[in-house]
Amino acid sequence: MTDPSAASDAASDAASEARASETSASEASASEVGVVPEARTLAIPEMCLVVLVGVSGSGKSTFARAHFRSTQVLSSDVCRGLVADDENDQSATPDAFDVLHYIAGKRLAAGRLTVVDATNVQAKARASLVQVAREHDVLPVAIVLDLPERVCVARNADRADRAFGPAVIRRQAADLRRSLRGLAREGFRRVHVLRSVDEVADATIEYTKLFTDLRHETGPFDIIGDVHGCLDELERLLTRLGYHLRRDADGSADDGSADGGGGDGGRPVSAWHPDGRRVVFVGDLVDRGPAVPGVLRLAMGMVAEGTAFAVCGNHENKLVRALAGRKVTIGHGLAASLEQLAAEPAEFQARATAFCQDLVSHYVFDAGRLVVAHAGLKEAYHGRASARVRSFALYGDTSGETDEYGLPVRHPWAREYRGRATVVHGHTPTLEPEWVNNTLCVDTGCVFGGSLSALRYPERELVAVPAARVYVEPTRPLTDPQTTPTEPSTSEPSAPSTSAPSTSTITPTASTTAPTASAIAPDAGPSGLAIEVSPPVTPRDRGPVGVVDLLDVTDVLGRRFLETRHGGRVRIDEENALAALEVMSRFALDPRWLVYLPPTMSPPPTSAQPGLLEHPAEAFAAYRADGVDRLICQEKHMGSRAVVVLCRDAGVAATRFGATDGPSGAATGAVYTRTGRPFFAPELTEGLLARLRTASERAGLWDELAADWLVFDAEIMPWSAKASDLVARQYAAAGAAARGALPVALEALTSAAGRGIDVADLLGRTSTRLANAEAFTDAYRRYCWPVDGLTGIRIAPFMLLASAAKATPATPATPATPATPAAPAGAAGATTGATCAQRPHSWHLDVAGRLAAADPTLITATRHITVQADDTDSVAAGVRWWEELTGAGGEGMVVKPADALVRGERGLVQPGVKVRGREYLRIIYGPDYTEPEHLDRLRSRGLGRKRSLALREYALGLEALERAVAGEPLWRVHECVFAVLALESEPVDPRL
């Protein structure tokens with residue numbers, strides 16, 4: 001059951017659980033994780049990734065043929081042959097392993113045992129395979145053939161297809177010896193080492209099941225919801241289900257404990273059913289309630305005698321951590337467990353701790369037809385073993401956000417569930433159990449005064465007993481204010497409504513039906529009350545964006561991987577996330593407006609032309625090498641990068657972005673920097689937005705795009721409007737100091753030279769430094785001028801990133817009928833729109849030109865020319881245009897693919913390359929950077945990281961826009977926006 005007053009604990013527990021280990025040892029296999037020397041019976045899970053490790057000639061392929069089916073074995077040699085027609089062509093190794101990893105991924109996704117036959121003696125090679133296993137939530141197992149070198153050398157000498165000599169074997173053997181002890185640390189859950197020819201010959205494979213795999217257990221079962229220390233209700237429910245309780249003889253258990261609450265004949269220590277039925281507890285046996293030890297004693301006894309199964313809940317997980325002395329937040333129910341357990345004998349405490357610690361994340365029963373997990377489990381995780389599977393099973397698919405009650409916001413995975421297995425879970429208390437797409441939550445809030453419920457499987461009957469009283473006041477009412485249950489079906493009479501039913505048995509007609517409050521009859525007899533009801537509709541679609549939609553800290557801590565449509569998977573390291581968290585939490589504007597952050601931009605390859613660091617020729621050549629010939633060159637405005645989110649009116653801003661924070665009570669958009677900080681004060685922002693809104697109206701953009709909000713990428717000038725402090729503190733101070741000191745030094749040196757002192761060299765250098773300082777001052781002064789409000793401000797929008805229509809109100813769900821499945825409710829605040837990233841730059845610049853024509857005193861058009869990279873004359877014209885721009889004091893230009901979003905043979909092509917002028921670069925590299933000794937040093941600058949960073953940020957920005965216009969929850973947009981900010985803290989030279 002969710003802890004209503006400890007929401008942040010649930011999210012942080014999930015994060016720490018995922019970081020703690022790949023999976024609990026109990027789920028990994030029947031024996032302890034680690035290296036097993038000289039093991040001749042090799043135990044491996046039925047579904048896993050087996051990595052054969054050994055030098056060439058150790059017999060890996062022979063071993064694989066002897067113990068595995070040919071379809072299970074993926075050989076690197078065979079894959080080399082597939083891609084190069086030669087199994088010994090080492091140049092084909094990267095492509096061969098791409099094929100191998102792809103096939104392995106497909107097999108593991110389908111749940112098939114996969115064996116990799118390659119040398120795998122280097123940690124880097126093994127790491128990629130461990131990663132493949134983790135991506136598919138299976139356990140990696142290593143089988144090492146560590147045979148003597150002489151044996152391997154002799155075997156290779158007898159093979160005509162092996163042209164390499166003993167030196168290769170020695171090198172491979174050395175690599176293997178260095179890494180053998182660290183295989184378990186690399187992530188292999190079992191490591192088997194065979195050290196002789198006889199051991200290899202005698203080895204046998206024994207397949208083991210994961211402890212989560214109980215497919216052979218077919219039931220029948222009684223699946224009981226979150227108990228939370230409510231022993232009296234558990235006894236009544238078990239009795240109601242037909243179980244016989246076994247009690248200790250005299251009121252004190254075998255361990256000597258003497259807590260009360262057992263009824264006649266002592267305390268319950270186990271239970272059994274005459275028909276062989278067994279209980280499955282969905283977790284959260286502990287915390288909050290008055291009899292945690294009693295509940296544990298009964299559950300432990302039943303599990304020990306084989307009359308019950310139990311999975312781990314988030315509260316057991318936290319209790320174990322607390323009992324182990326780990327740092328956890330004590331409170332919100334945990335304190336009750338610790339206090340009650342402290343009164344128990346040490347032996348009972350040890351048993352209880354071991355019991356909770358050994359609980360697995362989920363169970364798969366009945367040939368895969370039934371899955372039980374505390375918080376539910378999506379189909380891809382059924383029967384899998386990894387940290388993320390365990391985290392999902394214990395905490396659900398949490399977004400890291402919290403609702404107005406402080407409870408975690410969870411992705412409604414059940415709405416998207418299409419699996420064949422019935423999934424029964426608890427964790428989130430509801431007034432009545434609810435079937436959603438063949439999933440059922442049986443947590444009905446007993447400890448909060450609701451009821452304790454059970455699902456009888458396979459009968460699909462629900463049985464419940466009411467709570468004796470309210471043990472803990474819930475933070476959020478059990479009746480969700482957004483829940484709108486439908487009326488019972490008119491085809492059957494409805495039972496009288498009651499606020500405190502005693503017991504009930506309800507038989508849904510199908511997996512899409514569930515009991516409503518009116519379907520529970522008071523004092524139902526053993527046969528219960530069976531009626532047909534229509535499904536309750538519980539839309540959880542969000543209205544206008546609010547606090548519950550925002551990114552939570554647990555979404556960004558630790559190393560994370562984000563999937564993007566255009567750039568694949570992007571990794572965000574924890575240290576970068578922490579830096580971004582500081583910026584986002586302290587300086588960013590209202591996060592509801594943060595739908596995009598622009599990427600950094602890479603310069604071209606360094607020019608070898610005299611006196612120049614950057615030149616257009618290198619940019620043109622780089623794009624041509626990527627297969628892009630049609631280019632567009634845009635004037636680079638020397639200002640500050642800005643993102644403009646513009647709403648058509650205050651109503652759109654409130655509906656789509658939940659905005660109420662403008663100077664007059666209603667913001668209509670936002671203008672912010674590359675790091676998400678407000679560009680202007682609110683009043684000035686609204687003034688700028690009003691001008692842009694009017695210009696968009698005059699340009700016909702609102703109607704042409706059928707849009708109610710727009711997102712622009714732009715440059716705001718002058719540079720000093722945003723960077724005035726930086727200019728004064730860094731640039732103006734340096735220029736003033738140089739102009740003040742160097743003339744005096746020059747005068748003194750000139751005087752000394754006149755007296756015959758040989759200072760010619762120093763005099764020349766000082767004279768050059770003065771000229772450079774004056775050029776430096778002229779360079780930054782070109783981008784500074786006074787402004788007063790919007791007077792003097794210029795904005796150059798160069799790309800319309802996205803447009804979207806006004807949010808639509810939520811629509812109610814349509815109840816299911818026997819012939820028609822339920823129609824989902826429409827999400828309030830949903831939008832229809834599109835990103836404009838795939839439109840050619842000519843279209844974007846045309847839009848910018850129309851806006852500039854509509855308000856020429858505020859909006860500046862971006863000058864541009866087209867260049868054909870495979871045409872010498874066109875390239876020369878592009879170079880001349882750049883020379884004209886920079887010769888007139890301009891910053892330079894940006895070279896882009898004319899078609900904007902372009903993919904080459906190696907993936908995404910750089911969206912833009914900035915080519916800056918010689919004089920402008922003085923601002924970046926200092927007044928004297930043009931001196932030969934400095935220029936030569938700067939030419940060795942590395943651009944690889946910068947180019948990689950630009951592409952990753954570009955992919956993340958596009959993904960954020962795609963999610964925003966699709967109306968996805970704001971946290972989904974923010975994880976991309978946050979990732980861009982995190983990447984900005986990577987160790988890349990900021991001057992590039």
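One can find the structure itself at the top, above this paragraph.
First, a word on scope: everything that follows refers to the structure included in this document.

Reading guide: rules and limits
- Residues numbered from 1 in each chain as written.
- Predicted model: local features only at pLDDT ≥ 70, side-chain atom pairs only at ≥ 80, totals over all residues.
- Heavy atoms only, no water.
- Buried < 20%, exposed > 50% of the residue type's maximum accessible area, 1.4 Å probe, protein only.
- Helix = DSSP H or I, 4+ residues; strand = E, 2+ residues; numbered from the N terminus.
- Pairing = 2+ DSSP bridges.
- Axes fitted to C-alpha atoms, helices over the stretch in contact; angles between N-to-C directions.
- Parallel < 35°, antiparallel > 145°, perpendicular 65-115°, else oblique.
- Contact = heavy atoms within 4.5 Å.
- Core = buried A, V, L, I, M, F, W, Y, C linked by side-chain atoms within 4.5 Å.
- Left-handed = near helix turned anticlockwise from the far one by under 90°.
- Nonpolar A, V, L, I, M, F, W, Y, C, P; charged D, E, K, R; others polar.
- Salt bridge = Lys/Arg side-chain N within 4 Å of Asp/Glu carboxyl O.
- Expected span 1.5 Å × (residues − 1).
- Arc of directions from axis to C-beta.
- Patch = residues over 30% accessible without salt bridge, like charges linked within 9 Å, V, L, I, M, F, W, Y side chains within 5 Å.
- Areas by Shrake-Rupley, 256 points an atom, 1.4 Å probe, with all protein chains shown as cover.

## As for the pairing of strand S19 (residues 422-425)
Here comes step 1: Alternating residues of S19 divide into Thr-422 and Val-424 and Val-423 and His-425, and every residue in both groups is buried.
Here comes step 2: Sheet analysis places strand S16 (residues 370-373) next to S19, joined by 3 bridges and oriented parallel. Following the sheet pairing, Val-371 is matched in S19 by Val-423.
Here comes step 3: The pairing of S19 with strand S21 (residues 439-441) spans 3 bridges and is classified as parallel. Its bridge partner lying in S21, Val-424 is registered against Leu-440.

## Topic: the packing of helix H12 (residues 292-305) against helix H14 (residues 334-342)
Here comes step 1: Closest axis-to-axis distance for the H12/H14 pair is 8 Å, and the angle between their directions is 75°. When the axis of H12 is compared with that of H14, the two are roughly perpendicular. Contacts between H12 and H14 involve Val-292, Pro-293 and Leu-296 on the former and, on the latter, Ser-337, Gln-340 and Leu-341.

## Focus on the nonpolar core
Here comes step 1: Judged by nonpolar contacts, the single largest core of 60 residues is most densely connected at Ile-224, Leu-234, Leu-238, Phe-281, Leu-285 and Leu-296.
Here comes step 2: Considering each element in turn, this core owes the most residues, 7 residues, to H12.
Here comes step 3: Those residues in contact with Leu-234 that sit more than four places away from it in its chain are Ile-224, Val-227, Phe-281, Val-295, Leu-298 and Leu-452.
Here comes step 4: One finds Leu-42, Cys-48, Leu-100 and Ile-205 within the second-largest nonpolar core, a separate group that totals 51 residues.

## Concerning the packing of helix H11 (residues 231-240) against H12
Here comes step 1: Contact pair H11 / H12: the axes reach a minimum separation of 9 Å and the direction vectors enclose 35°. In this structure, the crossing between H11 and H12 has a hand that is left-handed. Within the contact between the two elements, H11 uses Leu-231, Leu-234 and Leu-238 and H12 uses Gly-294, Val-295, Leu-298 and Met-302.
Here comes step 2: For the contact of H11 with H12, the residue count by class is 6 nonpolar, 1 polar and no charged.

## Considerations on the sheet that holds strand S31 (residues 794-804)
Here comes step 1: The strand order S29-S28-S30-S31-S32 describes an open sheet built from 5 strands, whose pairing is antiparallel. Here the strands that pair on one side only, and so sit at the sheet edges, are strand S29 (669-672) and strand S32 (833-835). Recorded for the sheet is a direction-independent mean angle of 25° between the axes of neighbouring strands.
Here comes step 2: Bridging between strand S28 (residues 640-647) and S29 involves 4 bridges; their strand directions are antiparallel. Counted as the bridge partner of Val-644 is Val-671 from S29.
Here comes step 3: Helix H25 (residues 841-854) rests against strand S30 (709-717) and S31 of the sheet, and its axis sits at about 120° to S31.

## Looking at the pattern of salt bridges
Here comes step 1: Throughout the structure, instances matching the rule amount to 49 salt bridges.
Here comes step 2: For Glu-46, the salt bridge goes to Arg-215, with nearest N and O atoms at 3.5 Å. Note that Glu-46 is positioned in the loop between strand S2 (41-45) and strand S3 (48-53) and Arg-215 in the loop between strand S9 (213-214) and strand S10 (221-224), a separation of 169 residues in sequence.
Here comes step 3: In this structure, Asp-222 and Arg-277 form a salt bridge, with 3.1 Å as the shortest nitrogen-oxygen distance. Of this pair, Asp-222 sits in strand S10 while Arg-277 sits in the loop between strand S12 (268-272) and strand S13 (278-281), and the two are 55 residues apart along the sequence.

## Description of helix H5 (residues 93-109)
Here comes step 1: The first and last C-alpha atoms of H5 sit 24 Å apart over 17 residues, in line with the 24 Å expected at 1.5 Å per residue.
Here comes step 2: Turning to H5, its buried residues are Thr-93, Ala-96, Phe-97, Leu-100, Ala-104, Gly-105, Arg-107 and Leu-108. Looking straight down H5, one finds its buried side chains confined to an arc of 170°; they lie on one side. Exposed residues lying more than 90 degrees from the buried face of H5 are Pro-94, Tyr-102 and Lys-106.
Here comes step 3: The elements touched by buried residues of H5 are S3, strand S4 (73-75), helix H4 (76-84), strand S5 (114-117) and helix H6 (123-135).
Here comes step 4: Following H5 by one or two positions, Gly-111 has its phi on the positive side, about 80°.

## Some thoughts on the sheet that holds strand S33 (residues 864-868)
Here comes step 1: Strand order in the open sheet made by the 4 strands is S33-S27-S34-S37, with antiparallel pairing throughout. Since the sheet does not close on itself, it has two edges, and those belong to S33 and strand S37 (913-916), each with one partner. Adjacent strand axes in the sheet meet at a mean angle of 25°, parallel and antiparallel pairs treated alike.
Here comes step 2: As paired elements, strand S27 (residues 630-635) and strand S34 (residues 892-897) share 5 bridges and run antiparallel to each other. Its bridge partner lying in S34, Ile-632 is registered against Lys-896.
Here comes step 3: Its contacts with the sheet put helix H19 (residues 616-625) on S27, S33, S34 and S37, and the angle it makes with S34 is roughly 10°.
Here comes step 4: Relative to the sheet, H25 contacts S27, S33 and S34, its axis offset from that of S27 by approximately 25°.

## Quick word on unusual backbone geometry
Here comes step 1: Following Tyr-457, the chain continues into Pro-458 via a peptide bond in cis, with omega recorded as 15°.
Here comes step 2: Here Pro-458 lies in the loop between strand S22 (451-457) and strand S23 (461-466).
Here comes step 3: A cis geometry characterises the amide bond from Met-717 onward to Pro-718, with omega recorded as 5°.
Here comes step 4: One non-glycine residue, Asn-120, lies in positive phi territory at about 50°.

## What to know about the pairing of S27
Here comes step 1: Counting buried positions along S27 gives 5 out of 6 residues, so the element sits mostly inside the fold.
Here comes step 2: Bridge count for S27 against S33 is 5 bridges, and the pairing is antiparallel. Residue pairing in the sheet places Arg-630 in a bridge with Gln-868 of S33.

## With respect to the environment of Val-442
Here comes step 1: As for its placement among the helices and strands, Val-442 is situated in the loop between S21 and S22.
Here comes step 2: In this structure the C-alpha to C-alpha distance between Val-442 and Leu-431, which are 11 residues apart in sequence, comes to 9.7 Å.
Here comes step 3: Setting aside anything within four residues of it in sequence, one finds Val-442 in contact with Ile-223, Ile-224, Gly-225, Val-282, Val-424, His-425, Gly-426, Ser-453, Leu-455 and Leu-462.

## Quick word on a nonpolar patch on the surface
Here comes step 1: A cluster of nonpolar side chains, Val-78, Leu-82 and Val-83, forms an exposed patch at the surface whose accessible area comes to about 260 Å².
Here comes step 2: Tracing the backbone through its elements, the reader meets Val-83 in helix H4.
Here comes step 3: Val-83 sits in the partly exposed class, given a relative accessible area of 39%.

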